[in-house]
Amino acid sequence: MQYIDQTITGIDGTEARFTGYVIDNSEEVDPQRHRPAVLVIPGGGYEMTSDREAEPIALKFVGAGYNAFTLRYSCAPSRYPTALCEAAEAMRLIRTHADAWHTDPDRIAAIGFSAGGHLAANLATTAGDADLADNGYGPDEVRPNALMLGYPVITAGELAHRGSFNALLGPECKDDPTALNALSIERHIDKKTPPVFVWHTVTDDCVPMENTLMLVQACKNACIPVEAHLFPEGGHGLALGTEETAWGGKGNIFPCIQVWPKLAIDWLGRTFA
C-alpha cells in the first residue's frame, strides 16, 4: 500500500493535512486497475477535525477495495471559504494523480460527518460554486461523483447547528442572512448534485435529524437519487458506533448504527457500477 501525506496551504495561509491510502495493484489480478476512491472529511463543528471520523472511516473503505483519502482541513479561526478551497484542492490532487494513485477520476466519492458533512455537501452541490471560481477552481472539475453523509449539518436556518456556522463565518458574519442562505445546503440541491447517501439518528441531540430530512426532500424535489437511513437511537458524533471510535473507548457504542458502513459500501458499489 502506498501512503500519501501532503500539506495543502489554505487561502489564508493556514495548512490542511491530506493523507491517502492507495492499494497496491496485484500482478495476479490486474496491474493496471484504477480503483474508485473516497475522500473522508471528518467533523468537529468547524472548530477541529475528529480523529474518530478520519482514519477509521478511511480504513473501512480500503478494506472494501477503495483507495481512501482524508482531509484535516483548516478550522476556526480560519473562515469560509478556506476549508471549502482545501476540499477542492484535495479533489484536484486525487484527479491530477489518478494514474499514479491507480484511481478512477470519474468514481470519486466524498464522505463527510457533522460539520464535515456540511463541507462535503458544500463541495458536491452548487452552494460554493461562486466562491470556488473566485479562488481559481472550476467547480465541476472538483465536484465529487457521489456524496455520503453521516449526521450532517445541512441547514443554516431555524434548525441549524449554530455553533458550526458561528465558527465557519466568525462573529462578523455569523448572523448575516445572505451568508447563511448561501450556506444552507438544502437550498442548493439541483441537477449538478451527485447521488446522495445519508444517515442520522432520530435521537441526535446536537444536529437535529430534520437536517437530513430537509436534504432528502430537496433531493427528491430535484430528482437526485438519494438513499437515507434513520436509526432509532444514538447521540451525535457516533462515527462507526463501535469501541474503535467510541469516546474514550466507552461512550457512543450503538449496535443499531454499526451497519451503516456496509449499507454505504453497497450503495456506492451500485452507484459506481
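Here, the structure is the one placed above.
The structure displayed is predicted, hence computed values, not measured ones.

(A) Spatial organisation of the overall build of the protein chain. Helix and strand counts for the protein chain stand at nine helices and eight strands. Whereas a compact globule of 273 residues would reach a radius of gyration of roughly 19 Å, the protein chain reaches 17 Å, a difference of no more than 12%. Burial status across the protein chain gives 56% buried among its 273 residues. Accessible area of the protein chain: about 11200 Å², with a carbon and sulfur share of 51%. Averaging the positions of the 20 positive and the 35 negative side-chain charges in the protein chain gives two centres separated by 4 Å.

(B) Representation of the sheet that holds strand β8 (residues 226–231). Strand order in this open sheet of eight strands is β1-β2-β4-β3-β5-β6-β7-β8, and the pairing throughout is mixed. The strands lining the two open edges of the sheet, one partner per strand, are β1 (2–9) and β8. Averaged over all neighbouring strand pairs, the angle between strand axes comes to 15 degrees, with direction disregarded. One ladder, built from six bridges, connects strand β3 (residues 35–41) with strand β5 (residues 103–113); its direction is parallel. Counted as the bridge partner of Leu 39 is Ala 110 from β5. Running over the sheet, helix α9 (residues 260–271) touches β3, β5, β6 (146–150), β7 (196–201) and β8 and is turned about 170 degrees from β6.

(C) How the structure looks around the state of the cysteines. Here the structure, examined in full by the defined rule, presents zero disulfides. Take Cys 85: it sits in no disulfide, and the sulfur closest to it among the cysteines is that of Cys 75, at 15 Å. For Cys 85, a relative accessible area of 4% gives the class buried. In this structure Cys 219 is a free cysteine whose sulfur lies 11 Å from that of Cys 223, the closest cysteine sulfur available.

(D) Fine view of empty space enclosed by the protein. A full pass over the atoms with the stated rule returns one cavity of 30 Å³ or more. Size it by volume and the largest cavity reaches roughly 30 Å³. Contributing to the lining of the largest cavity are Tyr 46, Tyr 80, Pro 81, Thr 82, Ala 83, Leu 84, Leu 119, Asn 122 and Leu 168. For the lining of the largest cavity, the secondary-structure elements that each account for two or more residues are α2 (82–96) and α3 (115–124). The element best represented in the lining of the largest cavity is α2, accounting for three residues. Taken together, the residues of the lining of the largest cavity break down into seven nonpolar, two polar and no charged.

(E) Broad picture of unusual backbone geometry. Here Ala 76 and Pro 77 are connected by a cis peptide whose omega angle stands at 15 degrees. Here Pro 77 shows up in the loop between β4 (67–72) and α2. Residue Pro 81 is bonded to the preceding Tyr 80 through a cis peptide linkage, with omega at 10 degrees. Along the polypeptide, Pro 81 turns up in the loop between β4 and α2.

(F) Representation of the pattern of salt bridges. In total, this model carries 10 salt bridges according to the counting rule given. Of the charged contacts, one joins Lys 192 and Asp 140 as a salt bridge, the two residues approaching to 3.3 Å between their closest N and O atoms. Of this pair, Lys 192 sits in the loop between α7 (177–182) and β7 while Asp 140 sits in helix α5 (residues 139–142), placing them 52 residues apart in sequence. With a relative accessible area of 38%, Lys 192 lands in the partly exposed category.

(G) Expanded view of the nonpolar core. Of all hydrophobic cores here, the largest spans 58 residues; its most connected members are Phe 18, Leu 39 and Phe 69. With nine residues, the single largest contributor to this core is α2. Not counting chain neighbours up to four residues away, the residues in contact with Phe 18 comprise Ile 4, Asp 5, Gln 6, Ile 8, Leu 39, Phe 69, Thr 70, Ala 90, Leu 93, Ile 94 and Trp 101. By size, the runner-up hydrophobic cluster in this structure holds 29 residues, among which are Tyr 21, Ile 23, Ile 57 and Phe 113.

Conventions and cut-offs
- Counting of residues starts from 1 at the beginning of each chain's written sequence and follows it residue by residue.
- Side-chain atom pairs in this predicted model are given and counted only at pLDDT of 80 or more, local residue features only at pLDDT of at least 70, and totals for whole chains, interfaces and linings cover all residues.
- Derived side-chain values reflect all non-hydrogen atoms in the structure, with water molecules and hydrogen atoms excluded from consideration.
- Secondary structure counts use DSSP, requiring at least four H or I residues in a row for a helix and at least two E residues in a row for a strand, with both numbered from the N terminus.
- The atom set for the radius of gyration is the C-alpha atoms, and the globule formula is 2.2 Å times the number of residues raised to the power 0.38.
- We call a residue buried when its accessible area falls under 20% of the maximum for its residue type, exposed when it is over 50%, and partly exposed in between, using a 1.4 Å probe and counting protein chains only.
- Accessibility throughout is a Shrake-Rupley quantity obtained with a 1.4 Å probe, and a residue counts as covered only by protein chains that appear here.
- In this tally, Asp and Glu contribute negative charge and Lys and Arg positive charge; neither His nor the terminal groups of the chain are included.
- The atom standing in for a charge is NZ when the residue is Lys, CZ when it is Arg, CG when it is Asp and CD when it is Glu.
- Only when DSSP finds a minimum of two bridges between them are two strands counted as paired.
- Orientation is described by lines fitted to C-alpha atoms, with helices fitted over the stretch in contact, and by angles between N-to-C directions that extend from 0 to 180 degrees.
- Residue contacts are counted whenever heavy atoms from the two residues lie within 4.5 Å of one another.
- Two cysteine sulfur atoms make up a disulfide if the distance between them is within 2.5 Å.
- Definitions used throughout: a 1 Å grid over protein atoms alone; a cavity as a set of points that fits a 1.4 Å probe which cannot get out; a pocket as an open set with protein on both sides within 12 Å along at least five of seven lines; a lining residue as one with an atom within 4 Å of a point.
- Grid points are joined across faces, edges and corners, and a volume is the space filled by probe spheres set on the points.
- In the scheme used here, Gly and all other residues not listed as nonpolar or charged are polar, with Ala, Val, Leu, Ile, Met, Phe, Trp, Tyr, Cys and Pro taken as nonpolar and Asp, Glu, Lys and Arg as charged.
- By convention in these notes, a salt bridge is any Lys or Arg side-chain nitrogen within 4 Å of a carboxyl oxygen on Asp or Glu.
- What we call a nonpolar core is a set of buried Ala, Val, Leu, Ile, Met, Phe, Trp, Tyr and Cys residues that are connected through their side-chain atoms within 4.5 Å.

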